[in-house]
Amino acid sequence: MKALIIGCGRVGSSIALQLQREGWEVVVVDENEDALTRLGDHWPGAFLVGQGIDTDLLREAGIEEADAVIAATDGDNTNIVIGEVAQKRFDVKCVVVRVLDPARAEFYAARGMRIVCPTKTAIDGLAETIRSCAVPGVRTTA
Amino acid sequence: MYVVVAGGGKVGANVARSLLRLGHEVTLIEQRRDRFDRLEDEFEHQVQRGDATELFVLERAGLARPPDIVLALTGDDEDNMVICQLAKEKYGAPKVIARVNDPRNQAHFDLLGISPTVCATSSIMALVEHEVPEHDLIHLLELRKENLEIVEVQIDRDSPSAGKRVETLELPEGSRLISVMRNGQAEIAVGSTMLEAGDQVLAILEPGKEDELRRVLLRT
C-alpha cells in the first residue's frame, strides 16, 4: 500500500512514521527541506521538496499509484485544493484532508470529502471533559 | 449591482474603486491589518477586515443575500478557489470571477469548474505570442467552457495547403476552418474555398490539436 503525505509538520511527520512502521510505502512532500528532520535520521521512504498543489510534483511523488493521500499542510485552503485534485484529477480512492476551521470542515465534509478537523475534536473533547467534571452548583446536561 | 471583492491588494482595491465609481454597491474584504488600515481611510464602511475564506467573514460581507458577483482577487490561488466554491455552492452567488496568480494552477480552477478566470501571466503571453512573427499559429480566443479555441494561421507559398480546396484537406478531428482573409476581404470558409499563399485563415479547434492542424495547413 502506498501513501502520499503532503505537509511534514507535527501531524504529517507523525502519520508518515506510523504508516511506514505499519508497512506502508510512504512518500512525504513538504515545501521546506528542513522538515525532513522531523522524520528522524533514518527515514527509509521518499521525501520531495515542493508545493503540494504542483501537479508535476504530485506525479513525481507517485500520486497516480497512491492508495491514499493525506493533505496535512498548515494551510486549510491548500489542503482542500490538494484533496480536490487528488480525488477528481487523480482518482485516488482514499483522500483525507486536515482542515482546522470547523466551518469549512463542515462544508467540505458535506460535499463528500473525508475531513479531519482537529479543532472540532478539541472543542468536543474539552466540552466533554468539562461536562464530566463535577463542578458544584452547575447542572450539566450530557 | 452588489459585488463582493475578496482581496484588497492592487488588483482588488482598484477593481473596488472602479465599481464604486460606476455606482455599484461594493464590499471589499482584506485580511492584512496594514493594508486594511490604509483601505479604511478610503473605503470606510465598504471595506471589512477578515479572511475571506472564513464563513463568518463572508456572511458579515453579505454573502447570504447573495451578491450578484463575487470576485476572488487575493494573491493566493488556493484561497481564490475556496472563496469561489463557497460563494457559488454554499451561498448561491450567481457569478464568480477568479484571479489566477500562478498559471500552473489554471488546471485546478478548471477542474473545480471555476470560470471565468483571469491570469495576468497568461494574458501577457498571449499578447506576446500574437506579436512574435515566428509563431505561425496565433491563439485569438480561448472558449474555456466549450473547450475550444480560435486560432489564426498564415498560409504561405510553401504551405502544403496552398492551392488546395478546403474539402480536400485532411483536417484533424475536432477542427474546422472558419474564414479566409485575402487582400483585406474575409470570406466564410466552405468546402469549395481554395486556399492561397498569403491567406489568413481562422480555425476553431479543440486545444491540443494545434500541431496536427499546423501539419495539415503549413508543413509538408
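The structure we're discussing is the one just above.
Description of the structure in this document. Owing to the predicted nature of the structure, the values given are computational and were not obtained by experimental measurement.

1. Comments concerning the overall build of chain B
Inference 1: When its secondary structure is counted, chain B shows 7 helices and 11 strands.
Inference 2: The globule rule puts the C-alpha radius of gyration for 220 residues at 17 Å, and the 23 Å found for chain B is more than 25% above it.
Inference 3: Seen through its principal axes, chain B has C-alpha atoms that stretch 65 × 30 × 30 Å.
Inference 4: Considering only residue pairs separated by 6 or more positions, chain B has 56% of its internal contacts joining residues 24 or more positions apart.
Inference 5: When the accessible surface of chain B is totalled, it reaches about 11,800 Å², and 49% of it is carbon and sulfur.
Inference 6: Within chain B, one finds 26 positive and 39 negative side-chain charges whose respective centroids are separated by 2 Å.

2. A few points about the nonpolar core
Inference 1: Of all hydrophobic cores here, the largest spans 55 residues; its most connected members are Leu4(A), Ile63(A), Val69(A) and Val70(B).
Inference 2: When residues in this core are grouped by element, the largest group, 6 residues, is from helix α4 (residues 77-90) of chain B.
Inference 3: In terms of nonpolar packing, the next biggest core, distinct from the first, is built from 16 residues, Val151(B), Leu177(B), Leu195(B) and Leu205(B) among them.

3. Some thoughts on helix α1 (residues 10-21) of chain B
Residue and element names in this part refer to chain B.
Inference 1: Between its first and last C-alpha atoms α1 spans 16 Å; for 12 residues at 1.5 Å apiece the expected length is 16 Å, and the two agree.
Inference 2: Within α1 the residues assigned to the buried category are Gly12, Ala13, Ala16 and Leu19. Viewed along the axis of α1, the buried residues span an arc of 130 degrees, placing them on a single side of the element. Summarising the geometry of α1, the exposed residues directed more than 90 degrees from the buried face are Lys10 and Arg21.
Inference 3: Looking one or two residues beyond α1, the residue adopting positive phi is Gly23, at roughly 95 degrees.

4. Considering helix α3 (residues 76-89) of chain A
It helps to recall that an α-helix has 3.6 residues per turn; residues three or four apart then point in one direction.
Residue and element names in this part refer to chain A.
Inference 1: End to end, α3 covers 19 Å across 14 residues, agreeing with the expected 20 Å (1.5 Å per residue, within 8%).
Inference 2: Burial within α3 is extensive, with 11 of its 14 residues counted as buried.
Inference 3: Among all positions of α3, only Asp76, Asn77, Thr78, Asn79, Ile80, Val81, Ile82, Gly83, Glu84, Val85 and Ala86 are buried.

5. Here's the deal with the sheet that holds strand β11 (residues 200-205) of chain B
Residues and elements named next belong to chain B.
Inference 1: Read across the open sheet, the 5 strands follow the order β7-β8-β11-β9-β10; overall the sheet is antiparallel. At either margin of the open sheet sits one strand with a lone partner, and together these are β7 (137-143) and β10 (185-188). Between one strand axis and the next, the sheet turns by 20 degrees as a mean value, whatever way the strands run.
Inference 2: Sheet topology note: the strand β9 (residues 175-182)/β11 ladder contains 6 bridges and is antiparallel. By the bridge assignment for β11, Met181 is matched with Gln200.
Inference 3: Contacting β7, β8 (148-154), β9 and β11, helix α7 (residues 210-217) runs over the sheet at an angle of about 140 degrees to β7.

6. Let's talk about the sheet that holds strand β2 (residues 25-30) of chain A
Hydrogen bonds along the backbone pair up the strands of a sheet, which may run parallel or antiparallel.
Residue and element names in this part refer to chain A.
Inference 1: Here 6 strands make up an open sheet; going across it, the order is β3-β2-β1-β4-β5-β6 and the pairing parallel. Two strands close off the open sheet at either side, each with one partner strand: β3 (46-49) and β6 (114-116). Each strand axis lies, on average, 20 degrees off the axis of its neighbour in the sheet, ignoring direction.
Inference 2: Relative to β3, β2 is paired through 4 bridges, and the arrangement is parallel. Bridging across to β3, Val28 finds its partner in Phe47.

7. Overview of the interface of chain A and chain B
Inference 1: Listed per partner, the contact involves 16 residues of chain A and 17 residues of chain B.
Inference 2: When the two sides are added together, the surface that chain A and chain B hide from each other amounts to roughly 1,600 Å², 59% of it contributed by carbon and sulfur.
Inference 3: Broken down residue by residue, the surface that chain A buries against chain B is led by Ile53(A), Asn77(A) and Phe107(A), which jointly contribute 32%.
Inference 4: On inspection of chain A and its partner chain B, the count reaches 1 salt bridge.
Inference 5: For Arg111(A), the salt bridge is made with Glu89(B), and the minimal N-O distance between the two is 2.5 Å.
Inference 6: Seen at the junction of chain A and chain B, the total is 9 residue pairs in polar contact (both at pLDDT 80 or more).

Quick notes on the rules
- Positions within a chain are numbered from 1, following the residues in the order the chain's sequence is written.
- Here every chain gets a letter starting at A, and every ligand a number starting at 1, in the order they are written.
- At least 70 in pLDDT is required for a residue's local features to be given in this predicted model, at least 80 for side-chain atom pairs to be given and counted, and no such filter applies to totals for whole chains, interfaces and linings, which use all residues.
- Here the side-chain values reflect all heavy atoms present in the structure, with hydrogen atoms and water set aside.
- Helix and strand definitions here come from DSSP, where helices need a minimum of 4 consecutive H or I residues and strands a minimum of 2 consecutive E residues; each element is numbered from the N-terminal end.
- In this treatment the radius of gyration is a C-alpha quantity, and the globule benchmark scales as 2.2 Å times the residue count to the 0.38 power.
- The criterion used for residue contact is that any of the two residues' heavy atoms lie within 4.5 Å.
- Here the accessible surface of atoms and residues is derived via Shrake-Rupley with a 1.4 Å probe, and residues count as covered only by protein chains that are part of the display.
- In this charge count, Lys and Arg are treated as positive and Asp and Glu as negative; neither His nor the chain ends contribute.
- In plain terms, the charge of a residue is placed at NZ if it is Lys, CZ if Arg, CG if Asp and CD if Glu.
- Nonpolar cores were defined as sets of buried Ala, Val, Leu, Ile, Met, Phe, Trp, Tyr and Cys residues, with membership established by side-chain atoms within 4.5 Å.
- Relative accessibility under 20% of the residue-type maximum defines a buried residue, over 50% an exposed one, and the middle range a partly exposed one, all with a 1.4 Å probe and only protein chains included.
- Between the first and last residue of a helix there are one fewer steps than residues, each counted as 1.5 Å, and that sum is the expected span.
- Directions drawn from the helix axis to the C-beta atoms are what define this arc.
- Criterion used throughout: strands pair if DSSP finds at least two bridges between them.
- For helices, the fitted line uses only the C-alpha atoms of the stretch in contact; every axis is such a line through C-alpha atoms, and the angle between N-to-C directions lies from 0 to 180 degrees.
- Two parts placed together each lose some accessible area; with a 1.4 Å probe, that loss summed over both constitutes the buried area.
- Salt bridges are defined as contacts in which a side-chain nitrogen from Lys or Arg sits within 4 Å of a carboxyl oxygen from Asp or Glu.
- We define a polar contact as two N or O atoms separated by no more than 3.5 Å, with the added condition that, inside protein, one atom must be a possible hydrogen donor and the other a possible acceptor, whereas residues neighbouring each other in sequence contribute only through side-chain atom pairs.

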